[in-house]
Amino acid sequence: MAGFLIDLGNTNCKTAFEKEGLLTEMKRSSEGEDVFSFILSSLGEEHPDTIVFSNVREENPAFEQQLRGRCRQLVVLNSRTELPVNLNYRFPAEGLGADRIAGALAAAMMFPGRNCIKFDFGTALTVDFIDKNGTFLGGNISLGLTSRFRALNAFTKRLPLIKPTEKLPEMGVDTSGAMTSGVVFGLIFEVEGYIKKYPEHTVIFTGGDSFYFAEKMKSAIFVVPNLVLNGLAQIASYYAKRKN
């Protein structure tokens, strides 16, 4: 039976079923929706062979136990999880985010033999490096797009909370334009700095804001919006075959 995949991020949750490593029936929670109810609703009456759970929030043992009752095996992804490709972490990986593990795995399996930089544009911007042998070398974390706008609003007295717009002036002439250009160009320059420093690397964009930034880049990049789910799908397929 197909596996069930859960990508629980800081802002929302994505779920999907997989069959032989391929994604089907992808869903995304809406703003303000209870994510645990969303997960169970997405699962419906199915009892999959394997559930793979990527969770970057606080652990929830009670919910994990509920999931165990709905499948033959539950894989709660962390740095100790056995993977279809050994990422051979070159750093102390305890506490490494499950989403970063799944994304690195997907990059290693989708682009074998290539050095990769993976940019995940979400609540945080995570930048991870995977070498041509599939080794997870490490990475960096900074504020994501929406988080930067929220920070400007939260830590100043007069700057409003705004959302990014498609119109991007090179130089702002009002508060909204100055904030938009400052935040967006700041992120673009940050990402372009990595790309310029590692010109031989394959560049992968993923996350909720990946298309927004991909349209503004001059470099050749691959956009894989569901990179984490793709990594989880490979794990589900691996465990299904391993147990047979």
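Before reading on, note that the structure itself is shown above.
Residues numbered from 1 in each chain as written. Predicted model: local features only at pLDDT ≥ 70, side-chain atom pairs only at ≥ 80, totals over all residues. Heavy atoms only, no water.

## Some remarks on the packing of helix α4 (residues 145-154) against helix α5 (residues 175-197)
- Interaxial distance between α4 and α5 falls to 10 Å at its minimum, and their mutual angle equals 135°. Considering their axes alone, α4 and α5 lie oblique with respect to each other. α5 is crossed by α4, and the crossing has right-handed handedness. Facing α4, whose interface residues are Leu145, Arg148, Phe149 and Leu152, α5 presents Met179, Thr180, Val183, Val184, Gly186, Leu187 and Glu190.
- The residue makeup of the contact of α4 with α5, split by class, is seven nonpolar, two polar and two charged. (Axes fitted to C-alpha atoms, helices over the stretch in contact; angles between N-to-C directions. Helix = DSSP H or I, 4+ residues; strand = E, 2+ residues; numbered from the N terminus. Parallel < 35°, antiparallel > 145°, perpendicular 65-115°, else oblique. Left-handed = near helix turned anticlockwise from the far one by under 90°. Contact = heavy atoms within 4.5 Å. Nonpolar A, V, L, I, M, F, W, Y, C, P; charged D, E, K, R; others polar.)

## Here we look at the layout of surface pockets
- Roughly 1100 Å³ of internal volume is contained in the largest pocket.
- What lines the largest pocket is a set of 42 residues, and nearest its centre among them are Thr11, Asn12, Arg28, Gly122 and Thr123.
- Tallying contributions element by element places α4 first for the lining of the largest pocket, with five residues.
- Of the residues that constitute the lining of the largest pocket, the class distribution is 14 nonpolar, 17 polar and 11 charged.
- The volume enclosed by the second largest pocket comes to roughly 340 Å³.
- In terms of lining residues, the second largest pocket is bounded by 17 residues, among which Asn55, Glu59, Val76, Leu77 and Asn78 are the most central.
- Across the lining of the second largest pocket, the residue classes break down as seven nonpolar, five polar and five charged. (1 Å grid on protein atoms, 1.4 Å probe; cavity = no way out; pocket = protein on both sides within 12 Å on 5 of 7 lines; lining within 4 Å. Points joined across faces, edges and corners; volume = space filled by probe spheres on them.)

## Things to note about the nonpolar core
- In terms of nonpolar packing, the biggest core is built from 31 residues, with Leu5, Leu77, Leu232 and Ile235 touching the most fellow members.
- Those elements giving two or more residues to this core turn out to be α3 (98-110) and α7 (227-243).
- In this view, leucine 77 contacts Phe53, Leu83, Ala98, Ile101, Ala102, Leu232 and Ile235; residues no more than four positions away in its chain are not counted.
- If you look at the next biggest cluster of nonpolar residues, it comprises 23 residues, including Phe119, Phe129, Leu145 and Phe213. (Core = buried A, V, L, I, M, F, W, Y, C linked by side-chain atoms within 4.5 Å. Buried < 20%, exposed > 50% of the residue type's maximum accessible area, 1.4 Å probe, protein only.)

## Side note on the sheet that holds strand β8 (residues 136-143)
- Within the open sheet, the five strands sit side by side as β8-β7-β6-β9-β10. Their pairing is mixed. At either end of the open sheet lies a strand with only one pairing partner, and these are β8 and β10 (222-223).
- Note: strand β6 (residues 116-121) against strand β9 (residues 202-206), five bridges, orientation parallel. Looking at β9, one finds that lysine 118 is bridged to isoleucine 204. (Pairing = 2+ DSSP bridges.)

## With respect to the side chain of aspartate 49
- Within the fold, aspartate 49 resides in the loop between α1 (35-43) and β4 (50-55).
- Within the local environment of aspartate 49, its side chain forms a polar contact with the side chain of threonine 50, the two groups lying 2.7 Å apart.
- Among the polar contacts listed, one links the side chain of aspartate 49 to the side chain of arginine 72, at a separation of 2.6 Å. (Polar contact = N/O pair within 3.5 Å; in protein donor to acceptor, adjacent residues only side chain to side chain.)

## Quick word on the pairing of strand β3 (residues 22-28)
- Relative to β3, strand β2 (residues 13-19) runs antiparallel, the two sharing five bridges. Note on β3: the bridge partner recorded for glutamate 18 is leucine 23.
- The antiparallel hairpin formed by β2 and β3 contains two residues in its connecting segment, where glutamate 20 sits at a positive phi of about 55°.

## Overview of the pairing of strand β1 (residues 3-8)
- In terms of burial, β1 is largely enclosed, as six of its six residues are buried.
- Residues Gly3, Leu5 and Asp7 point to one face of β1 and Phe4, Ile6 and Leu8 to the other, with burial holding for every one of them.
- Across six bridges, the pairing between β1 and β2 is antiparallel. If you follow leucine 8 over to β2, its bridge partner there is cysteine 13.
- Two successive antiparallel strands, β1 and β2, enclose a turn made up of four residues.
- Here β1 pairs with β4 via five bridges, running parallel. Directly across from aspartate 7, in β4, lies its bridge partner serine 54.

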